[in-house]
Amino acid sequence: MFNSAKITLPGEWKDDERMNFLFSEFKENRDVNTTDWDSKMDFWTALIIQSCRNRGAVCVNLQELNTVFSRKGSSPLGLGTVIQSMARCGKIQRESEFAANVDSGWLSWGVGVLLVKPLKWTFSTLLGSSRVPLEQSFVVIELVKEKATELLNAYRRSEFASRSLLSFQELCALFSHVCADESTLCMALLQLQREKHVTVSLHEGEKIVKFSQPGQDRVSPVSDVDIGIYELQRSEKLLEERVEALGLEADKCKEEARVLLREGKKSQALRCLRGCKRVEKRADKLFAQLETIRGILDRITQSHTDKTVIQAYQAGVSALRLSLKDVTVEHAESLVDQIQALCDTQDEVNQAIAGGVPSADADVDELEKELKSLLEESKPDSITGLPEVPTKPVSSAGEPSLPLDNLLNSLPPVPKNYLNITDEELEEELNRLTLTDSGLQQKKVTSPAKRLESA
């Protein structure tokens, strides 16, 4: 049933003029006024889907809609037409037909898929009739897909994600926060089965569900191994409950023995204590069985891991064998020899390049000798005809100066002849002077003719 407290009505719900139009019956022919027809149809379609989403339901029927959308004592007259239109567009589908399209076995299980008595009419008669049965339940396709995704994600986040099989009753208890009722859970499971994420089967009259694991495109069929693991897990749970119950019983017996001992009833206290020991002994045996089952389950889990590792090894070996199909030791050795030979050739080429090109000139020793002879020839020993350098020191500033006649007499005589050398010879001599051993260059040279003029 709808819970009207969870339904958010639109703001125009208080507008009497607008709501009188929306509560009126649809025209028989849509072409009379397509705008009004489509506006009214869009309003009720969106409101029906939103109301189901707010209460967490995926199914709807006309009787509930008439009740929840009642306003001022009247119900909308066109909801039957809205249901028909949504069915034509594929937005809703009869609950029985939705289940039958996935797996006909669901119809015989009686798990709440058919919540109302079977009706003797088909979907085609629904589309051709102006009346929709009030109690006929329809599945909202958009919402059932959302609920199926939510259920699958909740399972994968839960502590039971490692279990391959779960009973239907366990699912009802574990995911009550996702699916509000059994009908919603059934529809979500049917959608997951349609999407190949769930497979459902019967085991000893019990409905069991197997989910796909992360990374799998589709769920694998329930195998004998899955059934064996499911039986072990069920036995483990049963033994855990028995051991816990026996532990509580032993504690109760000890407490009773303690009370009787305080009251002075020693014999009764001993009997209670003997009963406590028997209970503890049974609990120890059951606990040993429980540890055995847990060990088996651990080995099964480890075997799955080992199987995965072995499959990875096998795939790696196959890939390596395929990659080395045309490779042999002789071929590899031949390639190594060729590479070594090429490396040797490259080293010889590099050495030849580093040696440089032989020079066509004379040897370096001969060049050194010629350079030395040029340096010796450049010495200015052959220049003659210059006056002698004065040997007498010139008086300093502090000493008394000589008379002019004595000063003139002390100077060397003026040369009477000119140098037998031309300017071109002086320039050539100057060029040779630049090749001195010290590497110094003469910055400025005064010609002998100018020196004679200044003298």
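Within each chain, residues carry numbers counting from 1 in the order of the written sequence. Under the rules for a predicted model, residues below a pLDDT of 70 receive no local features and side-chain atom pairs below 80 are neither given nor counted, while totals for whole chains, interfaces and linings still include all residues. Only heavy atoms go into the side-chain values, all of them from the structure, while hydrogens and water stay out.

(A) Spotlight on the sheet that holds strand β2 (residues 92-94). Strand order in the open sheet formed by three strands is β1-β3-β2, with antiparallel pairing between adjacent strands. The sheet is open, and its two edges are formed by β1 (59-61) and β2, each paired on a single side. The mean inter-strand angle of the sheet, taken between neighbouring strand axes irrespective of direction, is 40°. Residues count as neighbours in contact if any of their non-hydrogen atoms are within 4.5 Å of one another. Axis geometry follows a simple rule: fit a line to the C-alpha atoms, using only the stretch in contact for helices, then measure angles between N-to-C directions, giving values from 0 to 180 degrees. Segments assigned H or I by DSSP are reported as helices when at least four residues long, segments assigned E as strands when at least two residues long, and all are numbered from the N terminus. Sitting on the sheet, helix α7 (residues 141-157) is in contact with β2 and β3 (137-140), with an inclination near 60° to β3. A pair of strands is labelled paired if DSSP reports no fewer than 2 bridges between them.

(B) Here's a closer look at the packing of helix α2 (residues 34-55) against helix α4 (residues 79-88). Running from N to C, α2 and α4 point in directions that differ by 80°, and their axes come no closer than 10 Å. Between α2 and α4, the crossing angle belongs to the class labelled roughly perpendicular. Of the residues in α4, those in contact with W37, M41, W44, T45, I48 and I49 of α2 are L79, T81, V82, S85 and M86. Throughout, the ten residues Ala, Val, Leu, Ile, Met, Phe, Trp, Tyr, Cys and Pro are labelled nonpolar, Asp, Glu, Lys and Arg are labelled charged, and all others, Gly among them, are labelled polar. The residue inventory of the contact of α2 with α4, partitioned by class, reads eight nonpolar, three polar and no charged. Convention used here: angles under 35 degrees read as roughly parallel, angles over 145 as roughly antiparallel, angles from 65 to 115 as roughly perpendicular, and any remaining angle as oblique.

(C) Local environment of the sheet that holds strand β6 (residues 206-211). The strand order across the open sheet built from three strands is β4-β6-β5, with neighbouring strands paired in antiparallel fashion. Every interior strand has two partners, whereas the edge strands, β4 (165-167) and β5 (198-203), have only one. Neighbour-to-neighbour, the strand axes of the sheet open up by a mean angle of 30°, direction not taken into account. Two strands pair when backbone bridges link them, and β4 and β6 are joined in this way by three bridges, in the antiparallel orientation.

(D) Representation of the pairing of β3 within the structure. Residues S137 and V139 line one face of β3 and the alternating positions F138 and V140 line the opposite face, and both faces are buried. Sheet topology places β1 next to β3; three bridges connect them, and they run antiparallel. Following the sheet pairing, C59 is matched in β3 by V139. In this sheet, β3 lies alongside β2 in antiparallel orientation, the contact comprising three bridges. Bridge assignment links Q93 to a residue of β3, and that residue is V139. Per-residue accessibility, obtained with a 1.4 Å probe over protein chains only, is compared with the maximum for each type, and a residue is labelled buried under 20%, exposed over 50%, and partly exposed between these values.

(E) The nonpolar core, seen in detail. Ranked by internal contacts, the top residues of the largest apolar core, which has 58 residues, are W44, F69, M187, L189 and F211. Discounting residues that sit within four places of it in the chain, F211 has contacts with L152, Y155, S164, L171, L189, L192, H197, V198 and V219. In this structure, I229, L246, L286 and L297 belong to the second largest nonpolar core, which totals 13 residues. Put simply, a nonpolar core is a bunch of buried Ala, Val, Leu, Ile, Met, Phe, Trp, Tyr and Cys residues held in one set by side-chain atoms that sit within 4.5 Å of each other.

(F) The arrangement of α4 in detail. A large share of α4 lies buried, amounting to nine of its 10 residues. Positive backbone phi, approximately 80°, marks G90, located one or two places after α4.

(G) Representation of the packing of helix α5 (residues 95-102) against helix α9 (residues 182-194). Direction vectors running N to C along α5 and α9 enclose 35°, while the axes themselves pass 9 Å from each other. Considering how the two elements wind past one another, α5 and α9 form a crossing that is left-handed. Mapping the contact onto sequence places E95, F98, A99, N101 and V102 in α5 and S183, M187, L190, Q191, Q193 and R194 in α9. Classifying every residue of the contact of α5 with α9 gives five nonpolar, four polar and two charged. The crossing is said to be left-handed when, going from far helix to near helix, the turn is anticlockwise and less than a right angle, and right-handed when the turn is clockwise.

(H) Focus on the packing of aromatic side chains. Working definition: a ring pair exists when centres of Phe, Tyr or Trp rings (six-membered ring for Trp) sit within 6.5 Å. Plane angles under 30 degrees give stacked, over 60 give edge-to-face, the rest tilted. The final tally for this structure, using the stated rule, is eight aromatic pairs. With centroids separated by 5.5 Å and ring planes inclined at 55°, the aromatic side chains of W44 and F69 adopt a geometry described as tilted. Here W44, found in helix α2, pairs with F69, found in the loop between α3 (62-68) and α4; they are 25 residues apart in sequence, far enough to count as distant. An aromatic cluster is defined as three or more aromatic residues linked by ring pairs; in this entry it consists of W13, F23, F43, W44 and F69. Across from the ring centre of F21, 4.7 Å away, lies the NZ or CZ of K40, which sits over that ring. Cation over ring: K40 sits above F26, and NZ or CZ is 4.9 Å from the ring centre. In this scheme, the term charge over a ring applies when either NZ of a lysine or CZ of an arginine sits within 6 Å of the ring centre and within 35 degrees of the ring normal.

(I) Main features of unusual backbone geometry. Of note, K196 is a non-glycine position whose phi angle comes to about 65°, a positive value. When you line up the elements, K196 lands in the loop between α9 and β5. A positive phi is found at E204, a non-glycine position, where the angle reads about 55°. The residue E204 is located in the loop between β5 and β6 in this model. Judged by relative accessible area, which is 65%, E204 ranks as exposed.

(J) Broad picture of the side chain of R163. Along the chain, R163 falls in the loop between α7 and β4. Excluding anything up to four places from it in sequence, R163 contacts Y155, E170, Q213, Y230 and Q233.

(K) View of the confidence of the model for the protein. Along the chain, pLDDT gives the predictor's confidence residue by residue, from 0 to 100. On average, residues of the protein carry a pLDDT of 78, and 75% of them reach 70 or more. For the protein, per-element mean pLDDT is lowest for helix α6 (residues 123-128), which scores 42, and highest for α7, which scores 93. Counted against residues more than four places away or in other chains, residues 104-129, with its pLDDT under 50, gives 48 contacts. Across residues 396-400, confidence stays below pLDDT 50; counting only partners more than four residues off in sequence or on other chains, it has one contact.

(L) Local environment of a nonpolar patch on the surface. Any residue with relative accessible area above 30% and no salt bridge may belong to a patch, with like charges joined within 9 Å and the nonpolar Val, Leu, Ile, Met, Phe, Trp and Tyr side chains within 5 Å. Only the protein chains shown count as cover for residues, and the accessible areas themselves come from Shrake-Rupley with a 1.4 Å probe. Counted as salt bridges are all cases of a side-chain nitrogen of Lys or Arg within 4 Å of a carboxyl oxygen of Asp or Glu. A cluster of nonpolar side chains, contributed by L320, L324 and V327, occupies part of the molecular surface with about 270 Å² of accessible area. Along the polypeptide, V327 turns up in the loop between α11 (266-323) and α12 (329-355). Judged by its relative accessible area of 47%, V327 is partly exposed.

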